[in-house]
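Examining the three-dimensional arrangement
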Amino acid sequence: MRLRDKVAIITGAGSGQGRAAAKIFAREGAVVVIAEWNEENGRQIEKEILDDGHQALFIKTDVSNEDNIVALVEEVINRYGKIDVVFNNAGIGFSANSEYKMASLVETPQTDWNSILGINLNGVYLLSKHVLPIMMKQNGGSIVNNASLNGIAGVTGADAYTAAKGGVVALTRVMAVDYGKYNIRVNCICPGAIDTPMIAEVLSVPEFAEKFAEGCPLRRVGKPEEIANAALFLASDESSYVTGLIMPVDGGVYAL
Ligand SMILES: NC(=O)c1ccc[n+]([C@@H]2O[C@H](COP(=O)([O-])OP(=O)(O)OC[C@H]3O[C@@H](n4cnc5c(N)ncnc54)[C@H](O)[C@@H]3O)[C@@H](O)[C@H]2O)c1
């Protein structure tokens, strides 16, 4: 019960890493707020957690929409009176059904650039902006941002995504410095390739999966639970003296 009685908002908890984190956080005693724009998936994960005898609440949220974020934060405070943990995880990337073009800078239409930054970077800004004043009043809280290896290494071919994730890394550091005096910790995970719907199409190409495994010290892609466990550590009091950390969870790729 490493998150006993903590109230934790997880964005993008309807799939992949966010879904895994929702299950693990709930099992560890948290009240998990599923902030997700896909209603079907959000309600499904809420049901699974409740059926397991844990606590969860789905609130339909588009993290790039400030009105949605204000409503989310208000509802959580009205119901539970506090927010201990935020896992800023929602993001869009390489998925087959992504509406947005993941491409080099020259080939990225401005509308797609704006949408990708609007979700992957502005989403972190917006929820943090509305949660930080509450955590300041509480004199405590833990924010975990989910960036990407793209945010710390020159991974090509998805330049808007890479710029957004680099922004999340930079924002993590400055938030950690600015809000440490309120006992608020802000840390960032940089996943490598993780087996979720986001990169399912890429992983279904055998040559890619094999080539990736060859280039990864641990010789495999990661599982969503492996990111969720890192998020659990950073969310919990076990990491009480850790802030401003940019943590690759990538099978060793960043060490190369
Ligand atoms: N899968 C990977 O290899 C990988 C690698 C590095 C970083 N990441 C990052 O990890 C995070 C989680 O991705 P995943 O792999 O679990 O992918 P996923 O596609 O399985 O899950 C992403 C979730 O975010 C939700 N979402 C997207 N935009 C949203 C919005 N505007 N508002 C609310 N919810 C929204 C989606 O509906 C989905 O449920 C993302 O930020 C992603 O960029 C993924």
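Preceding this section is the structure that the text describes.
Let me sum up the structure you'll find in this document.

Of regular secondary structure, the protein possesses nine helices and seven strands. Judged by the C-alpha coordinates and their principal axes, the protein covers about 50 × 35 × 35 Å. The buried share of the protein, reckoned over its 256 residues, is 50%. For the protein, the share of sequence-separated contacts (at least 6 apart) that also reach a separation of at least 24 residues comes to 72%. With 22 positive and 30 negative side-chain charges, the protein shows a separation of 6 Å between the mean positions of the two kinds.

Quick look at the sheet that holds strand β3 (residues 55-60) now. Two orientations exist for strands paired in a sheet by backbone hydrogen bonds: parallel and antiparallel. Strand order in this open sheet of seven strands is β3-β2-β1-β4-β5-β6-β7, and the pairing throughout is parallel. Of all strands in the sheet, those bounded by a partner on one side alone are β3 and β7 (246-249). Neighbour to neighbour, the strand axes of the sheet diverge by 20 degrees on average, direction disregarded. Two strands pair when backbone bridges link them, and strand β2 (residues 31-36) and β3 are joined in this way by six bridges, in the parallel orientation. Bridging from a neighbouring strand, E36 pairs with K60 of β3.

Around the ligand, a shell composed of 28 residues is seen, among which S15, E36, N89, Y161 and T196 lie nearest. In the environment of the ligand, an oxygen atom lies 2.6 Å from a nitrogen or oxygen atom belonging to the side chain of S15. K165 has a polar side-chain atom sitting 2.9 Å from an oxygen atom of the ligand. For the ligand, the protein covers 94% of the area, taking 830 Å² as the surface of the free molecule. Only α1 (16-27) and α6 (159-179) provide two or more residues apiece to the shell around the ligand. Counted by class, the shell around the ligand contains 13 nonpolar, 12 polar and three charged residues.

As a further point, take the packing of aromatic side chains. A complete count under the given rule lists three aromatic pairs for this structure. Pairing F208 with F212 gives two aromatic rings, centres 6.2 Å apart and planes at 20 degrees, and the pair type is stacked. In this pair, F208 and F212 both sit in helix α8 (residues 206-214), four residues apart, roughly one turn of the helix. For F208, a relative accessible area of 33% translates into the label partly exposed.

With the rule as written, the count across this model stands at 12 salt bridges. Salt-bridge contacts for E66 lead to K129; the nearest nitrogen and oxygen are separated by 2.9 Å. One end of the pair, E66, is in helix α3 (residues 66-80); the other, K129, is in helix α5 (residues 122-138), and 63 residues separate them in sequence. Given a relative accessible area of 30%, E66 falls into the partly exposed group. Its salt-bridge partner being R220, residue E226 comes within 2.8 Å of it at the nearest N-O pair. Assessed through its relative accessible area of 35%, R220 is described here as partly exposed. A single network of salt bridges, built from pairs that share partners, joins R19, K23 and E48.

With that out of the way, let us pick up helix α4 (residues 110-120). All of the buried residues along α4 are D112, I116, L117, G118, I119 and N120. Taken together, the buried residues of α4 touch α5 and α6.

Turning our attention to the nonpolar core. One recurring pattern in soluble globular proteins: nonpolar side chains tend to sit buried together. Grouped together as the largest cluster of nonpolar side chains are 44 residues, with contacts concentrated most on I9, L72, V76, I83, V86 and L127. Every element with two or more residues in this core is listed here: β1 (7-11), β2, β3, α3, α4, α5, α6 and β6 (184-191). Here V76 is in contact with V7, I9, V33, I59, G81, K82 and I83, once residues within four sequence places are set aside. Ranked by size, the runner-up nonpolar core spans 29 residues in total, among them A13, I189, A228 and A231.

Scoring rules and cut-offs
- Residues numbered from 1 in each chain as written.
- Predicted model: local features only at pLDDT ≥ 70, side-chain atom pairs only at ≥ 80, totals over all residues.
- Heavy atoms only, no water.
- Helix = DSSP H or I, 4+ residues; strand = E, 2+ residues; numbered from the N terminus.
- Buried < 20%, exposed > 50% of the residue type's maximum accessible area, 1.4 Å probe, protein only.
- Contact = heavy atoms within 4.5 Å.
- Lys, Arg positive; Asp, Glu negative; His and termini not counted.
- Charge placed at Lys NZ, Arg CZ, Asp CG, Glu CD.
- Pairing = 2+ DSSP bridges.
- Axes fitted to C-alpha atoms, helices over the stretch in contact; angles between N-to-C directions.
- Near = heavy atom within 4 Å.
- Polar contact = N/O pair within 3.5 Å; in protein donor to acceptor, adjacent residues only side chain to side chain.
- Areas by Shrake-Rupley, 256 points an atom, 1.4 Å probe, with all protein chains shown as cover.
- Nonpolar A, V, L, I, M, F, W, Y, C, P; charged D, E, K, R; others polar.
- Phe/Tyr/Trp six-rings, centres within 6.5 Å; stacked < 30°, edge-to-face > 60°.
- Salt bridge = Lys/Arg side-chain N within 4 Å of Asp/Glu carboxyl O.
- Core = buried A, V, L, I, M, F, W, Y, C linked by side-chain atoms within 4.5 Å.

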